[in-house]
Structures are given as structure tokens and as C-alpha cells.
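Tertiary structure, described
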Amino acid sequence: MCGIVGYWGPEKPKKVILDGLRSLEYRGYDSAGVAIFDSSKLKVVRSPGKLSQLEEKIKSSEFTGPSGIGHTRWATHGAPNEKNAHPHKVGSIAVVHNGIIENYIEIKEKLAKKKIMPSSDTDSELIAHLLSLECKKGKNLLEATLNVIPQLRGAYSILVVNEDEPDTLLAFKNATPMLVGIGEKEIIIASDVQAFISRTNRVAYLEDGEIVLSKKGQVKFFNVRGQEITNKKIHEVKWNSVMAEKAGFDHFMQKEIFEQPQALRQTMESHVDHDSMTVKLKPTGLTDAQFKKFSRIQLIACGTAWHAALVAKYFFERVTKISTQVDIASEFRYGHSILEKDTLVIVVTQSGETADTLACLRLCKKEGHKTLAVVNVPHSSIDRESHGRLYTNAGPEIGVCSTKAFTSQIVALQLLALHMARLRKSCKVTEIQEHVRALLELPSQVEVCLNHDKWFKEAALSLTAYRGFLYIGRGVNYPVALEGALKLKEITYLHAEGYPSGELKHGPIALVDSSMAVVAMASKDELYEKNVSNIEEVRARGAQIIAIGTEDDAHLRRLSRHYLSIPKATWATNSILMAIPVQLLSYHVAVALKRDVDQPRNLAKSVTVE
Ligand code: F6R
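Note that the structure is a prediction, hence the values are computed from the model and not measured.

Thoughts on the overall build of the protein chain
Looking only at helices and strands, one finds 19 helices and 27 strands in the protein chain. Taken against the 2.2 N^0.38 rule, which gives 25 Å for 610 residues, the C-alpha radius of gyration of the protein chain at 25 Å falls within 12% of a compact globule. Along the first, second and third principal axes, the C-alpha set of the protein chain runs to 80 × 55 × 45 Å. Within the span of the protein chain, comprising 610 residues, buried residues form 62% of the whole.

As C-alpha cells, this is what we get:
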């Protein structure tokens, strides 16, 4: 959360910083600000609201450079107004911050004893005060930072410029991301590679406790004791800036929904042996011997990735016969769970930076468990820190509302389960082949679903007036119901709940009347008839039914106000196909309600605070 960009180089810093912030706005859009050199003065301009408001404010400002920093905020401490916007400048020091300083009250009290009163309500401004105090004692920026780091507790990425050193950028971090883009004659420091991928693909990833100091483009890395790190690895990133453009779609979310056939092909690419119709994963970092030995699986994730993990639990248990547990990262983290010795811990994450998921990974590693990340962003913290990794390879996901990550996570997890099932001989070869065939068929079936978009839109347009929504499903489709409700909530702000169909009678059916819309997942599978009975029950109480079923199901069509179809698939791939109408319904309701689809209120894409 919060996007940070810093630039030093021959270009106009205003342009590079604003371009970078635009690509990072998915990380927060409560306020924005810059501190850029204008001759020898560091000029700070801040604005509440989206980046466009800041852009308007500095439209005619000339900043002569050579460096500057910028920030787009997702508010934690202090309202999203101008006073609390970053950068915070104290004396010659300007600071932008992503994260939370947990001991900010203690620091504030310490500063108060020195009669220093912050002018904002943020924890971030305090960092600028601490650095400024050190500089006033005659310390240079690196020395000042080495003295300040031990005073900070929490998760943070901090980028600093000093009015007295226009050619210097300094950054340090703990638990939230910070990357250094190394161009021909320029340096860009940012929270995410998207901020500079159009300029350079050479990237150094700052690890916790590391400091980067860039002076006239010369970059040096230090540890918290001030010792230089001389073997810092520079990676070449494969994503490009075109992948992060809307490509003619109205919204990133819409583009990403329509990218799913390609994303799923990429997820499966080179993991499937077409001759034997089986799964042989490319090296993951864990050995086949290890995969054979695990006796328990623990999946951990947040939000949409948690829903993907819930879908995968059914598949893991059926094909690997290994008992599988799924937990929400923020619960697992403080839950004192007891994991058995031979547990494989799988963390599922699009960004690879989610604070709670990362913390769980670290916790499980500390307790001696083997960890595997199902992750989309290569080189992200979770990718770097887990023992093994399986990339979802879905390409950049920019829309705050996760779509292609969800379906590609389920596919990646099914590949993993099939790989383990083959090694452990836990299910018949023919059964594995059947699942592989179903997976290979999936991208073209998703295309069929996408071709029905006009029906989804038509259904969506009739849904804007409902008071509430229930999404219901059984088995693998129950987590898809949860996902459907989440999609609707987050981009339309309408109230929706996901429930297992069989659980309605235990309370939620009391909500049902004619102002309630029920989105029912009822594919033709072993639970079809039970689902239909549940649909009858809510229909009898006046609910409007939007049923999602297999092909042309005349019975469901008769029961529902809108019937939406998916192609005939297996019980395991049904759940992935079900996601498409569910995503498009939410998308079209949000557009009809004129919501900000790609930047829904109060949210940010990469949740780097707990
Ligand atoms: C919902 C959404 C979030 C994320 C969650 C985990 O549309 O995007 O619920 O799924 O914040 O993020 P990652 O997968 O990056 O760990």
C-alpha cells in the first residue's frame, strides 16, 4: 500500500515521477505529492485525492532537477487530506513512506520532550524529524539513517532526499517492498517494477534491513551496520510496459477478465507432458522426494487468493489423498496453529507482497516447514523467500479487483496437486489424464464464456436496484460463491454474502424476500439436484434468481430470472468457468452504477500492511 517513486537522472524528474506514480496508483489513491529539486531548492507539492489533482496543481511548475521523490497514499494514520499527504519535509530532509511505524506514539513522545511537534497526524512525518535531528548533529544521510533504523518498529519502505545533497537518493526498508531500477544514466527507486519498466528492466530488490544510497547515479548497498554489500544481485525483469496498458479496454479489470484464456495457457505452459497427458512441473525448488513425503498440506492466503486456495482444497484431497487445511493469513499468523512435522505450507498470492501472507511464510519457515509459493509476481518478497515456487504466469494484474489471478491460481494449484498425485500414485493414471485433458480444454471454454458477455451485461443491468445479494454454491463452487460476493462488494459497494447452499436454512434464508437477488452456482455435477432444491427454496420466498448452470439447462432457465451458462466441464474445472460470469456480472453492475472500477474506494492492490 502506498506507491513510492524516486528519480535521479538527465530527464525532467517531474515527468518520470508522475509517470511512475500513475502506474503505482493501484497501491493507494487517497492523496499524492512530490518533493522535486528546482535549482537548489527542494519544492514540495501535495494534494488530497487522486494523482490527477496533484498533476493539475503542478501542471505549470518547472522543476529543474536533477532528482526528486513522489508518493501516492493509502491512508493509515491520519485523514486523507493535504496536511497528511507525503512527502513530509523537515529541515532539509524530505521523506516518503509506505507501511506503518508501530511505535509511533513512543517516538512522538520522545520528540515532544525535545519540543518537536509534528504538523501532520501521520507516523511517517516522525521519520523525517528523526533523520533531520541526526543531520543537525553533523551526520551525513547514511550515518543519520543508520542511527534512525534502530528507533523504528514496524513495516516500512522509506525513500529520502536531502536538500543539501541534490544528487543523492537514499532508501531503506523492512517488510514492505522497495526496488532499485538501474538505467543507463539514471536511477529510479520505487515500490514496484511497473514504475520504471518502460525505462529499464535491470532491477535490484532491497532486502529487509538493507539501505541503498545513490549518488550521481552510483549505487551502493549497505546493511544496518553500515557495511557495504558488494555482491548485490541485479535481475533482468521480463515483464514490459505494454503488458500494463489497457489495450483498448475501458478498464484494467475488463482487460484482465478477457485475458484469462491466455493467462491460463501461460499458467500451464511447459508443465504438461502432452504425450503421457500428465503433469511434470518445471523445477519448483522442492524435490520429487520431498513431494512424496508430505503428509499434510496447509494453504495460506488472503482475499481472492484465499478463495482460490479453498477451491484447491477439494482438489488436493481428492487427488493426493492428503489432508489439506486452508487458512486466512491474518488469522493463521496469530492463531498458534499446530502444524505436523511433514506439512507442506503453500502460500498463494498474486503480488507476492501481502504483509500477512509474507509473515505466515516466515513463521512457518522458522518452525522448520517446507514452503512453496504459488505467486504471480516474479522476484517479489514471497517468491524470493519461499523454498519453492510455482508461478501463475498470468502477467501483470493492475485492476484492484483480482480476476485473472484467481483462475490462474486455481489452475496452478491443480497442476501441483496432479504432480504430487502422479509421484505418490494416489490416484489412477487415467484419472490424472482426465483432469489434464479438462485443464487443457479450459482456455477455449473460458473463451466461450467470454463470448456470452452480452448476456452477463443484460443480467447485470437488472441487478442494480436490489437491496442485497446472496451468492450460493456447494463443494468447489462454494468458494466461487464467496469470490462472487467479494467481487460485487468491492467494486459496486452493494451488500453481498457468499454462502454454502446447504447452510441457508441455518439462518441466512431469513434475509430472503423479493428485494433479494440470489446468484446460484448450479453446474451439472454430483451436487446439481441438491443445488436446485436450494434454489427452489429461495425462489419460493420471493428471491430473484440468477442461475449459472451447464449449457442450456431448461429447468434452471425456468426457475430463474436470468440464466447464464457455462460449457460442460468436469467437477474440477466447473469452478474456474463459474468465475467468469461472476466477474463479468460485478463488472457490469459497477459500470452501470458509475463506480470507479479499477480504483474502488478504500482499497489498494498490494496490501503491505497488516
Ligand atoms: C480482491 C483482491 C484481494 C487480494 C488479496 C490478496 O479482488 O484483490 O482480496 O486477493 O489482497 O492479495 P495477493 O494475492 O496479492 O496476496
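Notes on the sheet that holds strand β3 (residues 41–48)
Neighbouring strands of a sheet are bound in pairs by backbone hydrogen bonds; such pairs are parallel or else antiparallel. Strand order across the open sheet formed by eight strands is β3-β2-β4-β1-β10-β9-β11-β15, with antiparallel pairing between neighbours. The sheet is open, and its two borders are formed by β3 and β15 (235–236), each paired with just one other strand. In terms of strand pairing, strand β1 (residues 3–8) meets strand β10 (residues 187–190) through four bridges, oriented antiparallel. The residue bridging Y7 from the neighbouring strand is I188, located in β10. Lying on the sheet, helix α1 (residues 13–24) is in contact with β1, β2 (31–38), β4 (67–73) and β10; it crosses β1 at an angle near 155 degrees.

Quick notes on the site of the ligand
Close to the ligand lie 15 residues, the nearest being T349, Q350, S351, T354 and E490. With respect to the ligand, the backbone of Q350 contributes an N or O atom lying 2.6 Å from an oxygen atom. Between the ligand and S351 there is a distance of 2.6 Å, counted from an oxygen atom to a side-chain nitrogen or oxygen. Only α9 (303–320) and α16 (477–492) provide two or more residues apiece to the shell around the ligand.

About the criteria used
Residues numbered from 1 in each chain as written. Predicted model: local features only at pLDDT ≥ 70, side-chain atom pairs only at ≥ 80, totals over all residues. Heavy atoms only, no water. Helix = DSSP H or I, 4+ residues; strand = E, 2+ residues; numbered from the N terminus. Rg over C-alpha atoms; globule rule 2.2 N^0.38 Å. Buried < 20%, exposed > 50% of the residue type's maximum accessible area, 1.4 Å probe, protein only. Pairing = 2+ DSSP bridges. Contact = heavy atoms within 4.5 Å. Axes fitted to C-alpha atoms, helices over the stretch in contact; angles between N-to-C directions. Near = heavy atom within 4 Å. Polar contact = N/O pair within 3.5 Å; in protein donor to acceptor, adjacent residues only side chain to side chain.

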